[in-house]
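Residue-level listing of the chains:
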Amino acid sequence: MADLTSLIPGPARWDVRWDEIDAAFPEVAALRGTPHDAIHHAEGCPWTHTRLVCEAMARSDAFAMLGDDDRAAAFLTAILHDVAKPVTATVSGDGRVSHPGHSRVGAVMARVAMWRHGVPPRLRERVCSAIGSHQVPFWLFERDWAQRRRFAIGASVTCGNDILSIQAEADARGRVAPDVARMVENVELYRLEAEELGCLHGAFPVADGPTLRAFMASPETVDPSYGMPLPPSRPVATVMSGLPGTGKTTWLRRNHPDLPVVSLDAIRDRLGVDPAKPQGEVVAFAKSAAKEFLRAGRDFAWDGTNLSRDLRDGILGLCRDYGFATRLVVTEASPAQILAGFRARGRAVPARAFERLLRRWDHPAPWEADEVIGEGFGRAMRPPAGTNPSAAI
């Protein structure tokens with residue numbers, strides 16, 4: 001990512017090299033002329049707003065105090081936080097403009113953009129996490145304490161609350177609107193609460209992976225500082241997640257060569273289903289095969305792309321219903337590595353199908369399973385009971 005590193009303000013030069021940023025990211029250039037609400041964004045279109053946000057961040061004392069990696073995460077978030085506004089712009093009958101869902105959609109668009117730029121997975125996912133929740137510090141104080149604590153602890157193990165608060169403050173200051181001062185004050189309240197929880201400048205010390213998962217599901221009843229009581233041994237379901245060609249099958253062969261595998265590729269071949277066509281028959285067959293292992297209480301793996309959170313939740317939830325511990329393994333590869341792999345094996349996902357997969361590439365959160373393994377996670381979770389820690393990457 002040499003071409004992007006030079007764009008991050010730092011001790012050598014703190015100015016914003018906007019023309020170079022605009023040229024490096026077509027997603028930013030596309031913001032020019034996109035409709036924006038005239039009241040909350042009187043400064044102009046999202047392209048102008050993004051430039052002002054970057055400039056506000058570069059002037060921030062809190063930004064200047066960050067280390068190199070944290071500054072990169074914060075500034076890339078500023079650059080890409082509104083990239084989905086062109087595709088989510090909605091104009092109401094009275095002329096007011098809104099962009100529903102632009103944070104969530106923007107996180108996916110930013111992920112693909114950074115992946116193509118070669119941004120390392122850990123940095124990429126910190127940025128995507130911050131983009132996906134960049135509006136939350138503006139209104140989180142309206143929620144009850146359990147929900148505020150849940151969000152702050154979750155953010156501490158993904159993007160970092162310092163990064164998120166620096167972005168939110170710059171986002172507020174990069175606007176011309178009547179509520180700028182109030183938004184800045186709300187961000188400061190968010191920052192203070194994260195500091196009181198002890199997770200403004202680092203990850204909250206969650207006891208282990210199963211506890212984090214349980215806490216994020218039920219913050220009112222679970223204390224994240226203390227480990228959950230678990231059976232001494234549970235069967236383990238290993239669920240793979242990653243783009244086609246990123247080495248999911250290879251990872252299983254290297255780390256668990258004797259583990260029975262429910263392989264969606266193998267099922268497609270058996271049923272003669274085109275990867276570019278609807279996959280309902282394939283998924284139904286896979287679930288039926290998985291249930292045989294679940295009923296038998298036998299360790300197994302599910303080998304598929306599993307790029308959407310809804311799909312992963314369905315598979316992991318099914319395994320938990322049968323009393324299994326869950327391991328989620330996320331594989332990575334660059335565009336060039338994927339293309340080389342397709343050529344080597346003489347089998348590639350059709351281009352249109354691959355682009356559709358990219359549009360729904362939702363990287364797992366670190367609390368989706370009892371154990372998460374992958375380059376995009378910043379905190380190593382302890383393995384679930386009954387597993388071999390040496391099996392991790």
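This structure is a prediction, so every number in the text was calculated from the model and none was measured.

**A look at helix 8 (residues 102–117)**
Thought 1: The terminal C-alpha atoms of helix 8, which comprises 16 residues, lie 22 Å apart, in line with the 22 Å expected from a rise of 1.5 Å per residue.
Thought 2: With twelve of 16 residues buried, helix 8 lies mostly within the body of the structure.
Thought 3: The complete set of buried residues in helix 8 reads H102, S103, G106, A107, V108, A110, R111, V112, A113, M114, W115 and H117.
Thought 4: Just past helix 8, the residue G118 takes up positive phi, approximately 80°.

**Looking at the side chain of T211**
Thought 1: Relative to the assigned elements, T211 resides in helix 14 (residues 209–217).
Thought 2: Engagement of the side chain of T211 in a polar contact is seen with the backbone nitrogen of M228, the distance being 3.0 Å.
Thought 3: Sequence-distant contacts of T211, that is, excluding residues within four places in its chain, are made with V206, V222, D223, P224, Y226, G227 and M228.

**Re the pairing of strand 6 (residues 325–330)**
Thought 1: For strand 6, the tally of buried residues reaches six of six residues, placing the bulk of the element in the interior.
Thought 2: Relative to strand 6, strand 3 (residues 236–241) is paired through six bridges, and the arrangement is parallel. From the neighbouring strand, M240 faces strand 6, where its bridge partner is V329.
Thought 3: Sheet analysis places strand 6 next to strand 7 (residues 371–373), joined by three bridges and oriented parallel.

**Brief notes about the nonpolar core**
Across soluble globular proteins, nonpolar side chains show a tendency to be buried alongside one another.
Thought 1: Within the largest apolar cluster, 39 residues are counted, with the highest numbers of intra-cluster contacts made by F25, F75, I79 and L80.
Thought 2: The set of elements that each furnish at least two residues to this core consists of helix 2 (18–24), helix 4 (46–58), helix 6 (68–80), helix 8, helix 9 (121–132) and helix 12 (161–173).
Thought 3: Ranked by residues supplied to this core, first place goes to helix 6 with eight residues.
Thought 4: Non-local contacts of F25, meaning those with residues more than four positions away in its chain, are made with L4, L76, I79, L80 and H117.
Thought 5: Among the nonpolar cores identified, the runner-up in size contains 23 residues, and A237, F324, A369 and F377 belong to it.

**Here's the deal with the state of the cysteines**
Thought 1: Tallied over the full model, the rule gives zero disulfides.
Thought 2: Residue C159 stays outside any disulfide, its sulfur separated by 11 Å from that of C199, the closest cysteine.
Thought 3: Judged by relative accessible area, C159 falls into the buried class, the value being 1%.

**Points about the pattern of salt bridges**
Oppositely charged side chains may form a pair once their charged atoms are brought near each other.
Thought 1: Evaluation of the coordinates by the stated rule reveals 25 salt bridges.
Thought 2: The residue R191 makes a salt bridge to E188 at a minimum N-O spacing of 2.6 Å. One end of the pair, R191, and the other, E188, are both in helix 13 (residues 180–196), three residues apart, so they sit about a helical turn from each other.
Thought 3: Relative accessible area serves as the criterion here: at 34%, E188 is assigned to the partly exposed category.

**Description of a nonpolar patch on the surface**
Thought 1: Taken together, F141, L189 and L192 make up a surface patch of nonpolar side chains, about 250 Å² in accessible area.
Thought 2: Mapped onto the secondary structure, F141 falls in the loop between helix 10 (136–139) and helix 11 (145–156).

Conventions used here
Residues numbered from 1 in each chain as written. Predicted model: local features only at pLDDT ≥ 70, side-chain atom pairs only at ≥ 80, totals over all residues. Heavy atoms only, no water. Helix = DSSP H or I, 4+ residues; strand = E, 2+ residues; numbered from the N terminus. Expected span 1.5 Å × (residues − 1). Buried < 20%, exposed > 50% of the residue type's maximum accessible area, 1.4 Å probe, protein only. Polar contact = N/O pair within 3.5 Å; in protein donor to acceptor, adjacent residues only side chain to side chain. Contact = heavy atoms within 4.5 Å. Pairing = 2+ DSSP bridges. Core = buried A, V, L, I, M, F, W, Y, C linked by side-chain atoms within 4.5 Å. Disulfide = S-S within 2.5 Å. Salt bridge = Lys/Arg side-chain N within 4 Å of Asp/Glu carboxyl O. Patch = residues over 30% accessible without salt bridge, like charges linked within 9 Å, V, L, I, M, F, W, Y side chains within 5 Å. Areas by Shrake-Rupley, 256 points an atom, 1.4 Å probe, with all protein chains shown as cover.

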